[in-house]
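# Examining the three-dimensional arrangement
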Amino acid sequence: MCGIVGYVGPRFAAPILLDGLKRLEYRGYDSAGIAVLNQGRIEIEKCEGKLENLLAALDGRTVPGFLGLGHTRWATHGEPSQTNAHPHPDCTGRLVVVHNGIIENYASLRQELLERGHSFTSETDTEVVAHLIEEAYEGDLAEATRKALRQVRGAYAIGVFSVDEPELLVGARLFSPLVVGLGQGENYLASDIPALLPHTRRALIVEDGEVVALDRQGVRVWTLEGKEVHREPFHISWDLEAAEKGGYPHFVLKEIHEEPEAIKNALRGRLDGERLSLSEVEGLDLSQINRGCIVACGTSFYAGLVGKRLIEEWACLPMEVAIASEFRYSCPVIDPRTLVILISQSGETADTLAALRLAKERGALTLALANVMGSSITRGADRVLYLQAGPEIGVVATKTYIAELVVITLLALELARRRGLLTKGQIGEVIREVKALPSKMERVLEGEEEIARLARRYADRSSFFFIGRGVDYPTALEGALKLKEISYIHAEGYPAGELKHGPIAMLDPEVPVVALATKGAHYSKIISSIQEVRARKAQVLALATEGDEDIEADEVIYVPDTLEPLKPILSIVPWQLFAYYVARERGCDIDKPRNLAKSVTVE
Ligand code: BG6
């Protein structure tokens, strides 16, 4: 989730661009840059790291010029570095591009462009767009941009300008946000509304598949095929804080609502139709691997528990799961025939990093699942599978958990494919269902108000149990953790079958039990557990499959049906929302819960 800002007008562009980048700071970045048209030449200033590094490099100098683009990068392809920072020029330096998104076919496009004599200066997917526009340019930048983007697959929001049209800024959007700000004799381009607020509250949304051209007088909009579109501007009513949260009251709620998109982003560039194409593990020799060990902390550990089940079920590879802080002290049996999978959205968790070091000392093959490109764990592991979820600002993991589940599902399928244990048809069946999950998740999110009402009814309780069987057990653990993390209520996830061996003594009408009772292999058993619980007068909040009229509980939340191994991806969402609304009812600091850190970089 990068940040784009563009300006065309009578004022110097540079200060406006830098201020806009500051206002997109919440989008996170690992490099920042600006390009300004300065007397017929494009001047580019860009730095690795936070925006202050760019400001320091500029050292108060204002690059003169009235047309420009700024960018903060959230790396997806190509390490965070000055070379990979945007804006990116074409071969001639007569045009520059900034981009937010993922270009799925960039490798083939890059190869073709290299064969046609283009020279690249970065490792980014973005740079191919600059060269495609360069090739298509015949005096009309908007048309060249349309022609170039018709060759691109993936997600993009781009900004581009050229020396040859010194009063024109062009933008385009497909699956990544882009808005136009309308001023008096000046106009703006931005990834998000906060960058516009100091200048204008009149804006215009660019829809997917559209290209816009801004000059000082106004804006024109076309489809990618070149058909002009008329678009009514709208008035921005949000204040800055609301704008940064996309209108949501908290980043956590915004990021829960981003989860359908997080599934799509985790899949981006990894499927060819219904065929898996995990380039990150291509050419990796797994033939000697005879067991595995997943190591992680917190929410990532629970994603590991799901991963264990999928890998053992589909790939028949014995897979341990270890809490990173215990791993090193448990005399782990790790050797060159072990695949050690480290799951860490931040890629900086000290315990997980220490586990990586131990695994490497033992000669194990190490594979990291992480969200932050260039983070410590990604630099140490043999291979990395990025979550591609974009920055997660809320301290507690929500959309990154969903992304971890999707990525570990793809990895499990790949391991099963390599070991000849799943046919293409069987893999295709799972992938078809994974691709259906975003719309099923949207249906779960439509139940938000009902879940909020449920949360308010139970917000005064002081203890909860979450119970589940099979793949629902990790969901029970994660649901309990979310409630603890953001509402500070004690909650315990438990294997449903284990309740009767002790914890059931704690049940009474004041201790609600969340029971994950969707249709599946363990349905009849979980119904028995629910009956045990209700016999002790404890209230049951059941999660059931849409259409299940037989479920007997005090409260029922429904989710759409899906394949058993994929249930954790949908089943956690109601309990993320439940924890959120309980915490809201209790007035907790949801985005920054007490005592918690986004990443614990100490042991
Ligand atoms: C904790 C976070 O500090 O670390 C949790 O508050 C997270 O949300 C856990 O699950 C592990 O973090 P990571 O970055 O290694 O997945």
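Residues numbered from 1 in each chain as written. Predicted model: local features only at pLDDT ≥ 70, side-chain atom pairs only at ≥ 80, totals over all residues. Heavy atoms only, no water.

### A short note on the site of the ligand
Around the ligand, the surrounding shell holds 15 residues, and the nearest of these are Ser-300, Ser-344, Gln-345, Ser-346 and Thr-349. A distance of 3.0 Å separates an oxygen atom of the ligand from a polar backbone atom of Thr-299. Between Ala-397 and the ligand, the recorded distance is 3.5 Å, taken from a backbone N or O atom to an oxygen atom. Relative to its free-state accessible area of 390 Å², the ligand is covered by the protein chains to the extent of 93%. When residues in the shell around the ligand are grouped by element, the largest group, 3 residues, is from helix α9 (residues 298–315). Broken down by class, the residue content of the shell around the ligand amounts to 6 nonpolar, 7 polar and 2 charged. (Near = heavy atom within 4 Å. Polar contact = N/O pair within 3.5 Å; in protein donor to acceptor, adjacent residues only side chain to side chain. Areas by Shrake-Rupley, 256 points an atom, 1.4 Å probe, with all protein chains shown as cover. Helix = DSSP H or I, 4+ residues; strand = E, 2+ residues; numbered from the N terminus. Nonpolar A, V, L, I, M, F, W, Y, C, P; charged D, E, K, R; others polar.)

### Quick notes on the domain arrangement of the chain
Taken domain by domain, the chain consists of domain 1 (3–242), domain 2 (245–445) and domain 3 (448–585). Of note, the centres of domain 1 and domain 2, computed from C-alpha atoms alone, are 32 Å apart. Between domain 1 and domain 2, the contact holds 18 residues from the first and 19 residues from the second. Together, the buried faces of domain 1 and domain 2 total about 1,400 Å²; carbon and sulfur atoms form 60% of this surface. For the pair domain 1 and domain 2, the number of links is 1 salt bridge. In this structure, the salt-bridge partner of Glu-104 is Arg-268, at a minimum N-O distance of 3.8 Å. Listing elements by their share of the side of domain 1 that touches domain 2, those giving two or more residues are β7 (154–162) and α6 (240–244). Grouping the amino acids of the side of domain 1 that touches domain 2 by side-chain chemistry returns 9 nonpolar, 5 polar and 4 charged. (Domains from an automatic or database assignment. Contact = heavy atoms within 4.5 Å. Buried area = accessible area lost by both parts, 1.4 Å probe. Salt bridge = Lys/Arg side-chain N within 4 Å of Asp/Glu carboxyl O.)

### Examining the sheet that holds strand β9 (residues 179–182)
The pairing of strands in a sheet comes from backbone hydrogen bonds and takes either a parallel or an antiparallel form. If you walk across this open sheet you meet the 8 strands as β3-β2-β4-β1-β10-β9-β11-β15, and the pairing is antiparallel. Here the strands that pair on one side only, and so sit at the sheet edges, are β3 (41–48) and β15 (234–235). Pairing geometry for β9 and strand β11 (residues 202–205), over 3 bridges, is antiparallel. Bridging from a neighbouring strand, Val-179 pairs with Ile-205 of β11. Sheet strands touched by helix α1 (residues 13–23): β1 (3–8), β2 (31–38), β4 (67–73) and β10 (187–190). Its angle to β1, the strand with the most contacts, is close to 155°. (Pairing = 2+ DSSP bridges. Axes fitted to C-alpha atoms, helices over the stretch in contact; angles between N-to-C directions.)

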